[in-house]
Amino acid sequence: MKKTFTLLSALFLTGASFAQNFTPGNFLVMRVGDGAAAPTNSGALAFLDEYTFSGTLVQSVAIPAATNGANKGLIINGTATAEGMIYRSANGQYVAFAGYNTKGATISGAISSTQATDVPRVLGSISYNKTINTAIEVTDIFNGGNIRSAYTPNGTDFYMAGSNSGVGYRTPSSDTTVRITSASTVVNLRTVGVYDNQLFITTSSGTANRLSSVGTGSPTVAGNNIASLPGIPTADVTFNQAVFFDLNTTEPGSDVLYLADETNASNAKILKYSKVNGTWVANGSIPTTSACYGIAGKLVDGKVQLVGSRNSANLIFLEDVSGYNATITGEVSVIATAANNTRFRGVALTPEQDALPVGMINFTASKALGNNVLSFNTTNEVDVISYEIQRSSDGVNYTTITTIRANNQASNEYSFNDATATGNVYYRIKIINKDGSVKYSRIANLSDIVRTDFTVSPNPAKSNLTITHTAIKNKAVANIFANDGRLVASFNLAANATQTNLDISNVANGTYRLLVIDGNTKTSKLFIKQ
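Computed from a prediction, not measured in an experiment: that's the story for all the values here. (Residues numbered from 1 in each chain as written. Predicted model: local features only at pLDDT ≥ 70, side-chain atom pairs only at ≥ 80, totals over all residues. Heavy atoms only, no water.)

Novice: Looking at this structure, how should I read the pattern of salt bridges?
Specialist: Oppositely charged side chains may form a pair once their charged atoms are brought near each other. Summed over all chains, the structure comprises six salt bridges. Taking the shortest distance from any N to any O, the salt bridge between Glu352 and Arg88 comes out at 3.3 Å. On the criterion of sequence distance, the pair formed by Glu352 in the loop between strand S25 (343-349) and strand S26 (360-368) and Arg88 in strand S5 (residues 87-88) is long-range, its members being 264 residues apart. Taking relative accessible area as the criterion, Glu352 reaches 13% and is therefore assigned buried. Ionic pairing is found between Arg391 and Asp418, a salt bridge with its closest N-O pair at 2.8 Å. Taken as a pair, Arg391 in strand S28 (residues 384-392) and Asp418 in strand S30 (residues 411-418) lie far apart in primary sequence, 27 residues in all. Using a relative accessible area of 25% as the deciding quantity, one classes Arg391 as partly exposed. (Salt bridge = Lys/Arg side-chain N within 4 Å of Asp/Glu carboxyl O. Helix = DSSP H or I, 4+ residues; strand = E, 2+ residues; numbered from the N terminus. Buried < 20%, exposed > 50% of the residue type's maximum accessible area, 1.4 Å probe, protein only.)

Novice: Would you mind showing me how to read the sheet that holds strand S35 (residues 464-469) here?
Specialist: Picture the strands of a sheet paired through backbone hydrogen bonds; they go either parallel or antiparallel. Reading across the sheet, the three strands line up as S34-S35-S38 and stay open at both edges, with antiparallel pairing between neighbours. If you trace the sheet from one side to the other, it starts and ends with strand S34 (454-457) and strand S38 (499-503), each paired once. Here the average twist between neighbouring strands, direction ignored, is 20 degrees. In this sheet, S38 lies alongside S35 in antiparallel orientation, the contact comprising five bridges. Bridge assignment links Asn464 to a residue of S38, and that residue is Asp503. (Pairing = 2+ DSSP bridges. Axes fitted to C-alpha atoms, helices over the stretch in contact; angles between N-to-C directions.)

Novice: Looking at this structure, I do not really get the sheet that holds strand S15 (residues 211-214). What am I missing?
Specialist: With antiparallel pairing, the four strands of this open sheet are ordered in space as S13-S14-S15-S16. Where the open sheet ends on each side, the last strands, each with one partner, are strand S13 (191-195) and strand S16 (226-228). Averaged over all pairs of adjacent strands, the angle between their axes in this sheet comes to 35 degrees, without regard to strand direction. Sheet analysis places strand S14 (residues 198-202) next to S15, joined by three bridges and oriented antiparallel. Each bridged residue has a counterpart across the sheet, and for Thr202 the counterpart in S15 is Leu211.

Next up, the structure:
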């Protein structure tokens with residue numbers, strides 16, 4: 001059962017923000033309003049709040065409402081529930097958002113009804129270290145309409161969607177917005193994003209589209225058609241955000257999809273689909289009891305963990321353990337409640353520093369038919385020789401179990417079935433380039449059991465880390481390793497001890513593996529030092 005966390009109004013009134021970078025594996029929610037007064041349609045302050053998946057508020061980042069140098073001020077319509085939708089880039093390094101720049105003017109009535117020449121629409125991104133970029137103003141589309149969603153592949157170029165202009169595209173080098181979608185297609189859109197390098201939109205307008213692809217790949221020229229994804233309903237549902245996963249090695253690309261639905265409010269739900277032979281097949285739904293707007297998620301030990309925003313007032317959590325092409329399981333639980341006079345909108349995983357090596361879209365590990373299935377996609381491979389899939393039992397010492405030759409094509413899909421691994425196993429990919437350089441993917445972990453006799457806290461940690469464990473049989477040692485295998489620190493653990501405090505104040509910020517060796521027993525955990 002997830003613990004509900006209610007935000008303190010005082011925290012929002014101060015606009016609290018802390019020094020640390022965003023933590024990988026957490027998520028952001030777009031919050032509208034500072035708590036001082038109810039948000040109105042003439043505009044409200046915007047914040048990106050970082051939460052853990054258990055609902056603990058980590059920090060809050062205020063998006064400046066006033067122009068400062070190249071960055072433009074940005075606020076959001078305080079009552080338009082479809083605004084404030086956010087997506088993380090495919091490389092994991094940026095989260096994009098959109099709003100309005102009043103340029104200091106007082107707005108009378110709905111800010112979304114203004115002309116973009118008077119109140120420019122603004123595109124924004126934020127990186128792992130909370131660097132905000134709001135340099136691009138849009139004055140040539142969304143006149144008299146909402147700007148609801150943005151997506152950036154690199155932190156500077158943007159796709160955008162709203163209520164009356166279809167999909168637009170802008171780069172810093174141009175003052176003109178490219179109308180990506182054809183004028184004959186639906187123009188009233190909810191969100192815009194990219195999966196498997198394919199641009200997509202969600203909408204509740206018309207009867208031909210609800211979740212649709214835009215053109216081929218990620219187009220940057222005008223006049224592309226919108227085509228409903230095969231098998232997805234085209235009417236009687238209202239989709240907001242969507243999140244995709246790749247769980248099946250036999251189906252090309254992403255093959256499991258979750259959608260946030262707000263249809264009929266009290267009948268709203270999270271829907272699941274799986275792609276079978278190219279067609280999306282319904283795998284049921286879980287009710288959210290009120291309108292669901294945002295959705296994001298991650299894979300943990302082959303299980304899909306989802307977070308979402310509900311009715312602008314709650315953050316929710318759902319874990320689906322059913323896997324590919326199986327009926328969705330789990331129950332929605334509330335993990336956080338918005339403070340008075342604030343509203344929750346879109347959600348996205350936190351941006352990460354070099355979340356995946358350049359050109360790698362994703363790396364996932366899951367279980368299927370008793371095997372550990374490893375999958376990864378790449379784009380724009382250049383001068384890559386090979387990928388070594390490496391396995392470890394302790395998360396520190398890795399052995400190459402197979403080598404895959406690189407295709408060096410524009411788009412590539414790779415997979416490997418590990419039929420020999422048992423117990424708790426860690427994987428990473430070693431990328432070998434022609435110039436001799438080497439890079440590593442993030443670490444993926446699969447386990448047959450969940451250990452409850454070994455915990456670390458707090459996680460993330462600052463200066464001290466506490467290990468709680470079963471009684472040490474012998475004089476044991478706790479070693480801290482970096483992801484590249486370097487030994488960073490070592491501590492002795494006293495015999496018969498059940499709790500040990502480690503001083504990690506001299507350890508640099510980052511993600512580490514803690515390995516406890518007690519005789520012939522080895523146990524490890526990941527932790528983050530901030």
